[in-house]
Amino acid sequence: MPRRLLPLLVLLATPALAQPEDAAPKSLDGVGRITVSGGWRLTSNDTLFDSWYRPGKVGSAWLPPPERGEDPRGDGPVLTGTFAYAVTDLVELGIDLFVSGNNSLRLAEPVGDGTFERRKLTTLSYGALVGLRFQGVLDGIGPQGLVPFAGILTGPAVAASKREGSSMVENVTQAWMGSIGATLRLSAHWGLTAEYRLAFLRGPVETPDAEGHPGPFSFNGGGNWFTLGLTYAFSPEPSRSVGSF
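This report concerns the structure included in the present document. Model, not experiment: these values are computed from the prediction.

Right, let's get into the side chain of Asn45. You can see Asn45 is positioned in the loop between strand S1 (32–42) and helix H2 (46–52). Here Asn45 falls in the buried class, since its relative accessible area comes to 2%. With residues up to four places along the chain from it excluded, the contact list for Asn45 reads Pro72, Arg73, Gly74, Leu105, Phe219 and Asn220.

Below is the structure:
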């Protein structure tokens, strides 16, 4: 398999490197880009566990504490898409689409006769954020230079969860993200983008006992997001002189 993977990567990179005469612009003013990335998020749900397993009765029995070694993390895959345009040489305005989910959490629930069962909690979040990124070009790094960036984004997001054997609950909330990363330009148009996002987003979790265990309960859909993706940059349109009109 490794022997087949290397020729495949070379074949995929060939279109990006096949235009040496087309140099990437030194100024980012007017440059647009599309970036599609995938990765993983590291998310703690300690707040959910602390509230869910607080001392008290659920139904006719005492809620058991978390099992030893039970993981409160809600880690999961992330898929993002960025559509951005550089309004100046240093400032980029963009829209980020994202979707992420997890199905590794387990929560104790009453199943009758004073007994409990730990059931799966599935979470999903997606949204569209608008934000600004500040960027620049570092020449001499890689084939066409390196473009580091940092920014902040916010916008509407849907956060939903489903307890095993129950229906899905969701809400629309405002998500916030801090972003830092860089694009290694392979050619005038293609590049590899690595990005870290610190996301703040919470969604509802339905209670199994509205009277004895009312909540409210919520899961963490944010956390630390790490993604790697492919970027296509659009060349800025050439400025027109007054004599061309």
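Here S1 pairs with strand S12 (residues 223–234) via eleven bridges, running antiparallel. Paired with Arg41 across the two strands is Trp225, which belongs to S12. The pairing of strand S9 (residues 190–200) with S12 spans ten bridges and is classified as antiparallel. Paired with Arg197 across the two strands is Trp225, which belongs to S12.

What follows is about the layout of surface pockets. Each pocket or cavity is described by its volume, and for the largest pocket that value is around 280 Å³. Around the largest pocket, the lining comprises 24 residues; the ones closest to its centre are Leu28, Val31, Val147, Arg185 and Ala233. Of all the elements in the fold, those that place two or more residues in the lining of the largest pocket are S1, strand S7 (146–163), strand S8 (168–185), S9 and S12. The leading source of residues in the lining of the largest pocket is S12, at three residues.

Summed over the entire model, instances satisfying the criterion amount to six aromatic pairs. Geometrically, the ring pair formed by Trp190 and Tyr232 is edge-to-face, given 5.0 Å between the ring centres and 70° between the ring planes. Of this pair, Trp190 sits in strand S9 while Tyr232 is found in strand S12, placing the two residues 42 residues apart along the sequence. Trp190 gets classed as partly exposed once you look at its relative accessible area, which sits at 31%. Between Tyr196 and Phe226 the ring centres are 5.2 Å apart and the planes differ by 45°, which places this aromatic pair in the tilted class. Linking Tyr196 in strand S9 with Phe226 in strand S12, this pair joins segments that are 30 residues apart in sequence. Residue Tyr196 is classed as partly exposed on the basis of its relative accessible area of 26%. Note on Phe226: relative accessible area 43%, which makes it partly exposed. Taken together, the aromatic side chains of Trp190, Tyr232 and Phe234 make up a single cluster linked through ring pairs. The side chain of Arg33 reaches across the aromatic face of Phe149, ending 5.5 Å from its centre.

The subject of this paragraph is the sheet that holds S9. In spatial order, the strands read S1-S4-S5-S6-S7-S8-S9-S12; together these eight strands close into a barrel with antiparallel pairing. Strand-to-strand, the axes of this sheet are offset by a mean angle of 25°, without reference to chain direction. Alignment of S7 against S8, held across 17 bridges, turns out to be antiparallel. Among the inter-strand pairings, Leu146 is bridged to a residue of S8, identified as Leu184.

This part covers the pattern of salt bridges. Counting across every chain of the model gives eleven salt bridges. Between Arg119 and Glu109 there is a salt bridge, with its nearest N and O atoms 3.7 Å apart. Here Arg119, found in strand S6 (residues 115–135), pairs with Glu109, found in strand S5 (residues 91–112); they are ten residues apart in sequence, far enough to count as distant. Arg163 is the partner of Glu109 in a salt bridge, and the nearest nitrogen-oxygen pair spans 2.7 Å. Residue Glu109 is found in strand S5, and its partner Arg163 is found in strand S7; the two are separated by 54 residues along the sequence. Comparing Glu109 with Arg163, the two get one shared label, buried. One network of salt bridges, in which partners are shared, links Glu109, Glu117, Arg119, Arg163 and Glu206.

We now examine unusual backbone geometry. With glycine set apart, most residues show a phi of negative sign, and most peptide bonds adopt trans. Across the junction of Gly215 and Pro216, the peptide omega takes the value 5°, indicating a cis bond. Relative to the elements of secondary structure, Pro216 occurs in the loop between strand S10 (202–205) and strand S11 (217–220).

In this structure, Leu48, Trp52, Tyr53, Phe98, Leu107, Met177 and Val205 are the most contacted members of the largest nonpolar core, which totals 24 residues. Leave out the neighbours within four places in its chain, and Phe98 touches Leu79, Thr80, Ser125, Tyr126, Gly127, Ala128, Leu129, Ala157, Met177, Leu201 and Trp225.

Rules and cut-offs
- Residues numbered from 1 in each chain as written.
- Predicted model: local features only at pLDDT ≥ 70, side-chain atom pairs only at ≥ 80, totals over all residues.
- Heavy atoms only, no water.
- Helix = DSSP H or I, 4+ residues; strand = E, 2+ residues; numbered from the N terminus.
- Buried < 20%, exposed > 50% of the residue type's maximum accessible area, 1.4 Å probe, protein only.
- Contact = heavy atoms within 4.5 Å.
- Pairing = 2+ DSSP bridges.
- 1 Å grid on protein atoms, 1.4 Å probe; cavity = no way out; pocket = protein on both sides within 12 Å on 5 of 7 lines; lining within 4 Å.
- Points joined across faces, edges and corners; volume = space filled by probe spheres on them.
- Phe/Tyr/Trp six-rings, centres within 6.5 Å; stacked < 30°, edge-to-face > 60°.
- Lys NZ or Arg CZ within 6 Å of the ring centre and 35° of its normal.
- Axes fitted to C-alpha atoms, helices over the stretch in contact; angles between N-to-C directions.
- Salt bridge = Lys/Arg side-chain N within 4 Å of Asp/Glu carboxyl O.
- Core = buried A, V, L, I, M, F, W, Y, C linked by side-chain atoms within 4.5 Å.

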